[in-house]
Amino acid sequence: MSTMYAALLRGINVSGHRRVPMADLRTLLGELGHEDVATHLQSGNAVFRSASGDESALRAELEQAIETRFGFPVDCLVRSAAYLAGVAEACPFPAAELEGKQLHVTYFDQAVDAARFASIDAGAFRPEAFRLGDRALYLYAPDGLGRSKLAVALGRPAVTRGLVATSRNWNTVVALVEMTRD
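Everything quoted here is computed from the prediction, not taken from an experiment.

What follows concerns the sheet that holds strand β1 (residues 3-9). In space, the four strands of this open sheet follow the order β2-β3-β1-β4, with antiparallel pairing throughout. Both outer strands of the open sheet, β2 (35-40) and β4 (76-80), are each paired with one neighbouring strand and no more. Direction aside, neighbouring strands of the sheet carry axes that sit 20° apart on average. Alignment of β1 against strand β3 (residues 45-50), held across six bridges, turns out to be antiparallel. When the bridges of β3 are listed, A6 appears paired with V47.

Set out below in structure tokens:
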């Protein structure tokens, strides 16, 4: 039995730095023995089918292969289709009523608790808002991520220390759910 996964690469292809061409990423995933490989956009989203049921092992394998192939480390998260669908379904904001650029999900490599974000006065950023989910944070930013003051506060090193985190807008969240659906 095999499972569909998404690999979420952090911080690649930004301003011409840390280039990982998507065609090369697809080839690399195929060389690692994965099937049904596809990518979405140029920002480090890949889907694949694997017989492995171990997200951590898949992540470690992919990170090592990327560093070997491209010559620099890239943090990755690997998440199953079921997890991705669950995150989308659990969205605490009215996703169907919002533009994709207004809603984002930050995926974490581990569970996070509210205490990590206690220093953030959420009321000071209204109408922006955030909610925690399963190894995820949902961010409502009505003017987009680029103008979000709350996103800056949430991304401070004091808040994210010790975490691997990578964000996707809602359009990408939905696309990855569709791409990994069996």
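That was the structure; now back to the text.
This paragraph deals with the pattern of salt bridges. Scanning the model with the defined rule gives nine salt bridges in all. Across the pair E178 and R181 runs a salt bridge whose closest N-O atoms are separated by 2.6 Å.

With that settled, the discussion passes to the layout of surface pockets. Within this model, the largest pocket holds a volume of roughly 370 Å³. Taken together, 17 residues make up the lining of the largest pocket; nearest its centre are T106, G155, T160, A165 and S167. At the level of elements, β5 (103-108), β7 (136-140), α4 (149-154) and β8 (165-169) are the ones that each hand at least two residues to the lining of the largest pocket. By residue class, the composition of the lining of the largest pocket is nine nonpolar, seven polar and one charged.

With 16 residues, helix α2 (residues 55-70) extends 22 Å from end C-alpha to end C-alpha; this agrees with the ideal 22 Å at 1.5 Å per step. The elements touched by buried residues of α2 are β1, α1 (22-31), β3 and β4. A distance of 3.0 Å separates the backbone nitrogen of S56 from a side-chain oxygen at the start of α2, and that oxygen is part of D54. At the C-terminal side of α2, G71 shows a positive phi close to 85°.

In this section: the sheet that holds β8. What holds strands together in a sheet is hydrogen bonding between their backbones, with the strands either parallel or antiparallel. Taking strand neighbours across the sheet as the criterion, the four strands line up as β6-β7-β5-β8 in an open arrangement whose pairing is antiparallel. In this open sheet, the two edge strands, each paired with only one partner strand, are β6 (129-133) and β8. Shown here is a sheet whose adjacent strand axes are inclined to one another by a mean of 20°, direction ignored. In the sheet, β5 pairs with β8 via five bridges, with the strands oriented antiparallel.

Basis of the calculations
- Residues numbered from 1 in each chain as written.
- Predicted model: local features only at pLDDT ≥ 70, side-chain atom pairs only at ≥ 80, totals over all residues.
- Heavy atoms only, no water.
- Pairing = 2+ DSSP bridges.
- Helix = DSSP H or I, 4+ residues; strand = E, 2+ residues; numbered from the N terminus.
- Axes fitted to C-alpha atoms, helices over the stretch in contact; angles between N-to-C directions.
- Salt bridge = Lys/Arg side-chain N within 4 Å of Asp/Glu carboxyl O.
- 1 Å grid on protein atoms, 1.4 Å probe; cavity = no way out; pocket = protein on both sides within 12 Å on 5 of 7 lines; lining within 4 Å.
- Points joined across faces, edges and corners; volume = space filled by probe spheres on them.
- Nonpolar A, V, L, I, M, F, W, Y, C, P; charged D, E, K, R; others polar.
- Expected span 1.5 Å × (residues − 1).
- Contact = heavy atoms within 4.5 Å.
- Polar contact = N/O pair within 3.5 Å; in protein donor to acceptor, adjacent residues only side chain to side chain.

Note that all results are geometric; they support no functional claim without further evidence.
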